[in-house]
Amino acid sequence: MTDRPRPLVAGNWKMNGLKSSARILGDLQIGYTPGLRSKVDLLVCPPATLIQNFAVLAIGSRIAIGGQDCHAAESGAYTGDISAEMLADMGASYVIVGHSERRTYHREKDADVRAKAEAAHRAGLIAIVCVGESREEREAGKTLAVVRRQLRGSVPEAATAADLVIAYEPVWAIGTGLTPTPSDVAEVHALIRDELRRIVGRADQTKVRILYGGSVKPSNAKELLAVPNVDGALVGGASLVAADFLAIAGAYLV
Ligand code: PGA
């Protein structure tokens, strides 16, 4: 039970970034010093338009590149969509699925998210499955029930500790500057750890990384990343500023 996973700090750029943003990746490569590298994995998920370029630029730096979404099918008549195989082909090694913005704006349900995570695994990608309650659900005391239901519906049955990351992102904390208290985060992450026993088995439940996401900044990273069962962060806004993203990862440099 003591094998804590290696932490992962992941940046979700959302619909931000042009070719010129490669400069941010360059700054991250410079700042990802051997000391930091020895403590934490870094992942950048830029928009799909930049993945191929970023994957090439990141070769040798040990910064992983990932997608923000994928279609469940391998190929076909799905105008505008991108498959997990295409992400892998471009050099991505991770993909985020079930982000609350996808669940809200694209009406993705748990079953859709699970199909996308299965597609990720089919393509050899690590799936970062996002879960999290809305403000109304938290106020109604339904947080744990919602997260449990999302996990049971969104995570593939065949997932393993090697191909699965869970991100707990309370919807009301995303992009708002609001964060749950450390004890609220601890409560949800403990539930997720417990659910992982059912998914990957008792021997591996402690190996799956559980990220916290939602308004993570350099100023709160130390506190949030010190919470039990928090194995890293999924960072939106602050991941667009290299110094901030590095400072968040730097919380692991004790
Ligand atoms: P935020 O976004 O860090 O800007 O709150 C987090 C996310 O949506 O993954």
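Quick summary incoming for the structure in this document. Computed from a predicted structure; not experimentally measured.

1. Points about the pairing of strand 3 (residues 64-67)
Next up, step 1: Taking every second residue as pointing to the same face, both faces of strand 3 are buried, with A64 and G66 on one and I65 and G67 on the other.
Next up, step 2: Relative to strand 3, strand 2 (residues 41-45) runs parallel, the two being bridged by two bridges. Paired with V44 across the bridge in strand 3 is I65.
Next up, step 3: On the question of chirality, the crossover connecting strand 2 to the parallel strand 3 by way of helix 3 (residues 48-57) is right-handed.
Next up, step 4: As judged from the two bridges shared by strand 3 and strand 4 (residues 94-97), these two strands associate in the parallel manner. Each residue of the ladder has a partner; that of G67, found in strand 4, is V95.
Next up, step 5: Handedness of the β-α-β unit built from strand 3, helix 4 (residues 84-90) and strand 4 comes out right-handed.

2. Here we look at the packing of aromatic side chains
Next up, step 1: A complete count under the given rule lists two aromatic pairs for this structure.
Next up, step 2: Considering the side-chain rings of W13 and F54, the 5.4 Å spacing of their centres and the 85° angle between planes classify their relative orientation as edge-to-face. With W13 in the loop between strand 1 (8-12) and helix 1 (22-31) and F54 in helix 3, this residue pair connects regions lying 41 residues apart in the sequence.
Next up, step 3: Owing to a relative accessible area of 0%, F54 belongs among the buried residues under this scheme.
Next up, step 4: Here the guanidinium or amino end of R37 rests over the ring plane of Y32, the centre of that ring lying 5.9 Å away.

3. Focus on the site of the ligand
Next up, step 1: Close to the ligand lie 13 residues; K14, H99, E169, G175 and S215 are nearest.
Next up, step 2: One of the backbone nitrogen or oxygen atoms of G236 is found 2.8 Å away from an oxygen atom of the ligand.
Next up, step 3: At a separation of 2.8 Å, an oxygen atom of the ligand approaches a polar backbone atom of G237.
Next up, step 4: For the ligand, whose free accessible area comes to 280 Å², the fraction covered by protein is 95%.
Next up, step 5: Split into classes, the residues belonging to the shell around the ligand amount to four nonpolar, seven polar and two charged.

4. A short note on the state of the cysteines
Next up, step 1: On inspection of all chains with the given rule, the structure shows zero disulfides.
Next up, step 2: Of the cysteine sulfurs around C45, a residue in no disulfide, the closest is that of C130, at 9.4 Å.
Next up, step 3: With a relative accessible area of 0%, C45 lands in the buried category.
Next up, step 4: Cysteine C70 shares no disulfide, and the gap to the nearest cysteine sulfur, in C45, comes to 12 Å.

5. What about helix 10 (residues 218-225)?
Next up, step 1: Looking at helix 10, one finds that the buried residues are N220, A221, L224 and L225. The buried residues of helix 10 occupy an angular sector of 125° when projected down its axis, which confines them to one face. Exposed side of helix 10, more than 90 degrees from the buried face: S219, K222 and E223 are the residues found there.
Next up, step 2: Contacts made by the buried residues of helix 10 are with helix 9 (182-200), strand 7 (209-213), strand 8 (232-235) and helix 11 (242-249).

6. Side note on the side chain of N12
Next up, step 1: One can find N12 in strand 1.
Next up, step 2: In this structure the side chain of N12 is engaged in a polar contact, spanning 3.0 Å, whose partner is the backbone nitrogen of K14.
Next up, step 3: Residues contacting N12, with those up to four places away along its chain left out, are C45, Q68, I96, H99, L234, V235, G236 and S239.

7. Some details on the pairing of strand 1
Next up, step 1: Most of strand 1 sits out of view: five of its five residues are buried.
Next up, step 2: With burial as the criterion, each face of strand 1 is covered, one bearing L8, A10 and N12 and the other bearing V9 and G11.
Next up, step 3: In this sheet, strand 2 lies alongside strand 1 in parallel orientation, the contact comprising five bridges. When the bridges of strand 2 are listed, L8 appears paired with D41.

8. Comments concerning the environment of P170
Next up, step 1: Its place among the elements puts P170 in the loop between strand 6 (164-168) and helix 9.
Next up, step 2: The exposure class of P170 is buried, given its relative accessible area of 0%.
Next up, step 3: Excluding anything up to four places from it in sequence, P170 contacts G132, E133, P180, Y212 and G213.

How each quantity is defined
- Residues numbered from 1 in each chain as written.
- Predicted model: local features only at pLDDT ≥ 70, side-chain atom pairs only at ≥ 80, totals over all residues.
- Heavy atoms only, no water.
- Buried < 20%, exposed > 50% of the residue type's maximum accessible area, 1.4 Å probe, protein only.
- Helix = DSSP H or I, 4+ residues; strand = E, 2+ residues; numbered from the N terminus.
- Pairing = 2+ DSSP bridges.
- Right-handed = clockwise from strand over helix to strand, strands pointing away.
- Phe/Tyr/Trp six-rings, centres within 6.5 Å; stacked < 30°, edge-to-face > 60°.
- Lys NZ or Arg CZ within 6 Å of the ring centre and 35° of its normal.
- Near = heavy atom within 4 Å.
- Polar contact = N/O pair within 3.5 Å; in protein donor to acceptor, adjacent residues only side chain to side chain.
- Areas by Shrake-Rupley, 256 points an atom, 1.4 Å probe, with all protein chains shown as cover.
- Nonpolar A, V, L, I, M, F, W, Y, C, P; charged D, E, K, R; others polar.
- Disulfide = S-S within 2.5 Å.
- Arc of directions from axis to C-beta.
- Contact = heavy atoms within 4.5 Å.

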